[in-house]
Amino acid sequence: MRPAPGERVVEIADVQVKRWLPFPGGPIRLRSEVGAGDEGKSVTLLAFREARDAALSRFEPVATGRVRLATRYPAPPAPLAPLGESVSVESPYDSAALFHGPSFQLLRSLRFGAKGASATVDLAEQGVPRGALHQGLLDALTHAIPHDELSRWSSEVPGDQ
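For clarity, every value in this text was computed on a predicted model and none was experimentally measured.

### Here we look at the nonpolar core
Then, in step 1: If you look at the biggest cluster of nonpolar residues, it comprises six residues: Tyr-93, Leu-98, Leu-107, Leu-110, Phe-112 and Ala-144.
Then, in step 2: Filtering out sequence-adjacent residues up to four positions away, Ala-144 remains in contact with Leu-110, Phe-112, Ala-117, Ala-119 and Trp-153.

Set out below in structure tokens:
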């Protein structure tokens, strides 16, 4: 999806990641579907899944969301209120919880609470090409998720998963 001249992405909402997108070392076939809506464009990223039986090979959703484009840019929102009872945690890059190279290390501070996380990212870094949906920002937003410690947020997730 490419914005029209003068447009840029002003909101990404209702994002749902459906599955991991592995990079096995060869080319990956991707497709996007964009539909019109009242509150922005609905966007689906699909990846081709190769099956042993060619008849079963197909494109499958990887992520969905809603994107709003505009030519007039709203003022940035005020920062959210503090998370409440939370603790500052070590950078996932320093602890090796994430193995991102320097270009993708946009997270500057991270706090965890019982019901969520609060993160500050530095978008002034120029290591990741911006792209239409600012993939560096999208990637950085996931760095506040304790991928290997989801039990922090749900007692239904065993500590070893």
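So much for the structure itself; the text now carries on.
### What about the environment of Ser-88?
Then, in step 1: Within the secondary structure, Ser-88 sits in strand E5 (residues 86–88).
Then, in step 2: With relative accessibility at 55%, the residue Ser-88 sits in the exposed group.
Then, in step 3: Discounting chain neighbours no more than four positions away, the residues touching Ser-88 are Leu-110 and Arg-111.

### Topic: the sheet that holds strand E6 (residues 107–113)
Then, in step 1: With respect to topology, three strands assemble into an open sheet ordered E5-E6-E7, the strand pairing being antiparallel. Of all strands in the sheet, those with a lone pairing partner are E5 and strand E7 (116–121), marking the two edges. On average, each strand axis in the sheet is tilted by 25° relative to the strand beside it, whichever way the strands run.
Then, in step 2: Summarising the sheet, E6 and E7 pair through six bridges and their orientation is antiparallel.

### Some points on the pattern of salt bridges
Then, in step 1: For the structure on display, the rule yields nine salt bridges.
Then, in step 2: Where Arg-68 meets Glu-11, a salt bridge forms, and the shortest distance between an N and an O atom there is 3.0 Å. With Arg-68 in strand E4 (residues 58–70) and Glu-11 in strand E1 (residues 8–17), this pair connects stretches of sequence that are 57 residues apart.
Then, in step 3: When its relative accessible area of 35% is taken as the criterion, Arg-68 is described as partly exposed.

About the cut-offs
Residues numbered from 1 in each chain as written. Predicted model: local features only at pLDDT ≥ 70, side-chain atom pairs only at ≥ 80, totals over all residues. Heavy atoms only, no water. Core = buried A, V, L, I, M, F, W, Y, C linked by side-chain atoms within 4.5 Å. Buried < 20%, exposed > 50% of the residue type's maximum accessible area, 1.4 Å probe, protein only. Contact = heavy atoms within 4.5 Å. Helix = DSSP H or I, 4+ residues; strand = E, 2+ residues; numbered from the N terminus. Pairing = 2+ DSSP bridges. Axes fitted to C-alpha atoms, helices over the stretch in contact; angles between N-to-C directions. Salt bridge = Lys/Arg side-chain N within 4 Å of Asp/Glu carboxyl O.

Functional significance is not addressed by these values, which are geometric in nature.
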